[in-house]
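Architecture and fold: a report
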Amino acid sequence: MMTRKELDLWVGIFAVAGIGAMLFLSLKVANLLTSFSSADMYQINAKFENIGGLKVRAPVKSAGVVVGRVGDIRFDNSSFEAVVGLNIDSRFKFPKDSSAKILTSGLLGEQYIGITAGGDSVDLKAGDTLKLTQSAVVLENLIGQLLYNKASEGGDNKK
Amino acid sequence: MTARLLELTRALGARIVNNWIWRLGFACRFLWLTLKGSGSSFARFHLTLREIYFAGVLSLVIILVSGLFVGMVLGLQGYDTLVRYGSSEALGVLVSLSLVRELGPVVAGLLFASRAGSAITAEIGLMKATEQLSAMEMMAVDPIARVVAPRFWGGVISMPLLAALFSAMGVFGGYLVGVRLIGVDEGSFWSQMQAAVDFRQDILNGFIKSFVFGVAVTWIAVFEGYDAPPTAEGVSGATTRTVVTSSLAILALDFVLTALMFRGL
């Protein structure tokens, strides 16, 4: 039988190792510190005709750098458009006439929102809505367009 | 014919009532008594520390080694599949998400049930068979507060730590195989993992899972031990039931928890 001191030591080592593993998972695997906390963010809205496969928590990037995350996605029943709430880190300010696009990382990758800064001298405030938006590229529409173009080319050749 | 069918149905009903519902009710009352008697296991914390040693520290080796190997196998198999789609950089995402969400809590729970749960049942069952529990009662010592509650809390505290160690070790194993052995780019291995794993959605939910499994396994283990018939045969049967029941409970609870946690995705 081991002494009380030895037992305490082993349990202490176990607890330290376990908490260390949790810290490793939170900091190194989930990158908790550098991901944004909701405290220092402001929300702006953007209306899209079609958001494709955009999901809540998708990244919001500007010039390829993550500046925020998609907070929520609603449907506006009066204009029949999707309203996407963007949580932007308050360290980053964008001009009022900035535009938002839904982009895809890679051919089949996940979708994210890209913000292109405008030239206005007034910055966006919380609750503002982006005027200029570009919807997601839906692959089916693109293929349909391609087929349509091909078909009309084929028709021209026959003449 | 009809009489025989009725008899069969009645026998089935009796089995369900006696073996399942009655025992479940008994187990719930037992859990309530354990919780009520847990004051002393925190006031005299060295009792619980001793059980953390037996349930947690002694399970460390099996947990760490299996975590490492599970992670390494995930690395190999995941790379084999991902490389066909030209996305071998996503290996870190695959390894870390499958470990943190599912494999960490579930496999650590199964190992914990067979390594520590069976030992708890056997110990309490033998204490009962050799009438140590009755002796305590004779001395006005509550065996639930003195024997059962520290073991319960020792298991409940150990299990999340073990699951976290399992996941961390698995991620390390995946890193060893993916980056060191196969040669996936180290930067994208970690950065894709960090972009895909969310603290609340993945790490915290995995932690909740491991906590629930810890409660379920230790609850079943202490109950089966306390409820064991006081014979050699009875203790061995109870130990087997602990492993079987808690393994099934882990898998069933995992489905329920996953359905609750990740339905919104």
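Right, let's walk through the structure included here. If you're wondering where the values come from, they're calculated on a predicted model, not measured in any experiment. (Residues numbered from 1 in each chain as written. Chains lettered and ligands numbered in written order. Predicted model: local features only at pLDDT ≥ 70, side-chain atom pairs only at ≥ 80, totals over all residues. Heavy atoms only, no water.)

**Points about the overall build of chain A**
Basically, it comes down to this: What counts as a helix is a DSSP run of H or I of at least four residues, what counts as a strand is a run of E of at least two, and both are numbered from the N terminus. When accessible area is computed with a 1.4 Å probe and restricted to protein chains, residues below 20% of their type maximum are described as buried, those above 50% as exposed, and intermediate ones as partly exposed. Any two residues having at least one pair of non-hydrogen atoms within 4.5 Å are treated as being in contact. Exposure was quantified through the Shrake-Rupley algorithm and a 1.4 Å probe, taking into account, for residues, occlusion by the shown protein chains and nothing else.
Within chain A one finds 2 helices and 8 strands. For chain A, the sequential pattern of α-helices and β-strands runs α-β-β-β-β-β-β-β-β-α. Taken across its 159 residues, chain A has 30% of its residues classed as buried. In chain A, once contacts between residues fewer than 6 apart in sequence are set aside, the share between residues at least 24 apart is 63%. For chain A, the computed accessible surface area is about 9900 Å², with 59% contributed by carbon and sulfur atoms.

**Notes on the interface of chain A and chain B**
Inclusion rule: Buried area is calculated as the accessible area (1.4 Å probe) missing from two parts once they are joined, with the contributions of both summed. Basically, the charged four are Asp, Glu, Lys and Arg, the nonpolar ten are Ala, Val, Leu, Ile, Met, Phe, Trp, Tyr, Cys and Pro, and anything else, Gly included, counts as polar.
At the junction of the two partners, chain A supplies 23 residues and chain B supplies 27 residues. Roughly 2300 Å² is buried in total at the junction of chain A and chain B, and carbon and sulfur atoms are behind 81% of that figure. By the criterion of area lost to chain B, the three top residues of chain A are A:Phe14, A:Leu25 and A:Val29, representing 28% of everything that side buries. Classifying every residue of the side of chain A that touches chain B by side-chain character gives 16 nonpolar, 3 polar and 4 charged.

**Quick word on the sheet that holds strand S1 (residues 41–48) of chain A**
Within a beta sheet, neighbouring strands are joined by backbone hydrogen bonds and run either parallel or antiparallel to one another. All names here are of chain A. Defined as follows: In short, DSSP must find at least two bridges between two strands for them to pair.
Taken in spatial order, the 8 strands line up as S7-S1-S4-S3-S2-S6-S5-S8 in an open sheet, and their pairing is mixed. Edge strands, defined here as strands with exactly one partner in the open sheet, are strand S7 (129–130) and strand S8 (132–134). As paired elements, strand S2 (residues 59–62) and strand S3 (residues 65–76) share 4 bridges and run antiparallel to each other. The residue of S3 that forms the bridge with Ser62 is Val65.

**Brief notes about the packing of helix H5 (residues 91–129) of chain B against helix H7 (residues 143–182) of chain B**
All names here are of chain B. Note the threshold: Inter-axis angles, ranging from 0 to 180 degrees, are taken between N-to-C directions of lines fitted to C-alpha atoms, where helices are fitted over the stretch in contact. Handedness of each helix crossing follows the sense of rotation of the near helix against the far helix: counterclockwise by less than a right angle gives left-handed, clockwise gives right-handed.
Two elements in contact, H5 and H7, have axes whose closest approach is 7 Å; the angle formed by their N-to-C orientations is 145 degrees. Of the two possible hands of crossing, H5 and H7 adopt the one that is right-handed. Considered class by class, the residues forming the contact of H5 with H7 number 20 nonpolar, 9 polar and 2 charged.

**Some details on the pairing of S3(A)**
The turn joining S2(A) and S3(A), which pair antiparallel and follow one another in sequence, is formed by 2 residues; a positive phi near 55 degrees is taken by A:Ala63. Linking S3(A) to strand S4 (residues 81–89) of chain A, which pair antiparallel, is a turn of 4 residues; within it A:Phe80 sits at a positive phi near 55 degrees.

**Description of the packing of aromatic side chains**
How we decide: Each aromatic pair joins two rings of Phe, Tyr and Trp (for Trp, the six-membered one) with centres within 6.5 Å, and gets the label stacked for planes under 30 degrees apart, edge-to-face for over 60, and tilted for any other angle. A ring is considered to have a charge above it if a Lys NZ or an Arg CZ atom is located within 6 Å of its centre and within 35 degrees of its normal.
For the structure on display, the rule yields 14 aromatic pairs over all chains. Look at B:Phe189 and B:Trp190: their rings are 5.4 Å apart centre to centre, the planes differ by 90 degrees, and that puts the pair in the edge-to-face class. Residue classification places B:Phe189 among the buried positions, given a relative accessible area of 0%. Taking relative accessible area as the criterion, B:Trp190 reaches 11% and is therefore assigned buried. By way of ring pairs, the aromatic residues A:Phe24, B:Phe172, B:Tyr175, B:Phe189 and B:Trp190 are connected into one cluster. Between A:Lys28 and the ring centre of B:Trp190, over which it is positioned, the NZ or CZ distance is 4.6 Å. Above the ring of A:Tyr42, the side-chain terminus of A:Lys93 is found at 5.1 Å from the ring centroid.

**A short note on the pattern of salt bridges**
Once their charged atoms are close, side chains differing in charge can pair, the charge on each being opposite to the other. Our working rule: Criterion for a salt bridge: a side-chain nitrogen of Lys or Arg within 4 Å of a carboxyl oxygen of Asp or Glu.
In the structure shown here, the tally under the stated rule is 16 salt bridges over all chains. Put simply, A:Asp72 and A:Arg74 hold a salt bridge, and the shortest N to O gap is 2.5 Å. Its salt-bridge partner being B:Glu51, residue B:Arg151 comes within 3.6 Å of it at the nearest N-O pair. In this pair, B:Arg151 sits in helix H7 while B:Glu51 sits in helix H3 (residues 45–55), placing the two residues 100 residues apart along the sequence. Several salt bridges converge on common partners, so that one network encompasses B:Arg23, B:Glu224, B:Asp227 and B:Arg241.

**Here we look at the side chain of B:Ser246**
Residues and elements named next belong to chain B. Applicable threshold: Two N or O atoms count as a polar contact when they lie within 3.5 Å, although within protein this holds only if one can serve as hydrogen donor and the other as acceptor, and sequence-adjacent residues are included solely when both atoms are side-chain atoms.
Considering the arrangement of structural elements, one finds Ser246 in helix H10 (residues 232–262). For Ser246, a relative accessible area of 1% puts it in the buried group. From its side chain, Ser246 meets the backbone oxygen of Thr242 in a polar contact 2.4 Å long. Setting aside residues no more than four positions away along its own chain, Ser246 makes contact with Ala113, Val217, Ile220 and Arg241.

**Side note on the nonpolar core**
Put simply, the test is: Here, the term nonpolar core denotes a set of buried Ala, Val, Leu, Ile, Met, Phe, Trp, Tyr and Cys residues that are joined through side-chain atoms within 4.5 Å.
Membership of the largest hydrophobic core comes to 51 residues, with the highest contact counts inside it found for A:Val11, A:Phe14, B:Phe112, B:Phe189, B:Met193 and B:Val197. The set of elements that each furnish at least two residues to this core consists of helix H1 (4–29) of chain A together with H3, helix H4 (60–82), H5, H7, helix H8 (186–196), helix H9 (199–227) and H10 of chain B. Not counting residues within four places of it along the chain, the set of residues in contact with A:Val11 comprises B:Leu49, B:Ile52, B:Tyr53 and B:Val57. In terms of nonpolar packing, the next biggest core, distinct from the first, is built from 22 residues, A:Phe48, A:Ala82, A:Ala100 and A:Ile113 among them.

**With respect to a nonpolar patch on the surface**
As a reminder, the rule being used: A patch consists of residues whose relative accessible area exceeds 30% and which take part in no salt bridge; residues with like charges are grouped when within 9 Å of each other, and nonpolar side chains (Val, Leu, Ile, Met, Phe, Trp, Tyr) when within 5 Å.
A surface patch of nonpolar side chains, about 460 Å² in accessible area, is lined by A:Val137, A:Leu139, A:Leu142, A:Ile143 and A:Leu147. A:Ile143 sits in the partly exposed class, given a relative accessible area of 45%.

**Considering the layout of surface pockets**
Residues and elements named next belong to chain B. Where we set the bar: Both cavities and pockets are sets of points on a 1 Å grid over the protein atoms alone; in a cavity a 1.4 Å probe fits but cannot get out, in a pocket the set is open with protein on both sides within 12 Å along at least five of seven lines, and lining residues sit with an atom within 4 Å of a point. Grid points are joined across faces, edges and corners, and a volume is the space filled by probe spheres set on the points.
Its boundaries defined by the atoms lining it, the second largest pocket holds a volume of some 550 Å³. Forming the walls of the second largest pocket are 16 residues, and the residues nearest its centre are Asn19, Trp20, Arg23, Glu224 and Thr245. Contributing elements (two or more residues each) for the lining of the second largest pocket: helix H1 (2–36), H9 and H10. Ranked by residue count, the leading element in the lining of the second largest pocket is H10, at 6 residues.

**Some remarks on the environment of B:Gly183**
You can see B:Gly183 is positioned in the loop between H7 and H8. A C-alpha to C-alpha distance of 11 Å links B:Gly183 and B:Leu91, two positions 92 residues apart in sequence.

Shape is all these values report; function is a separate question.
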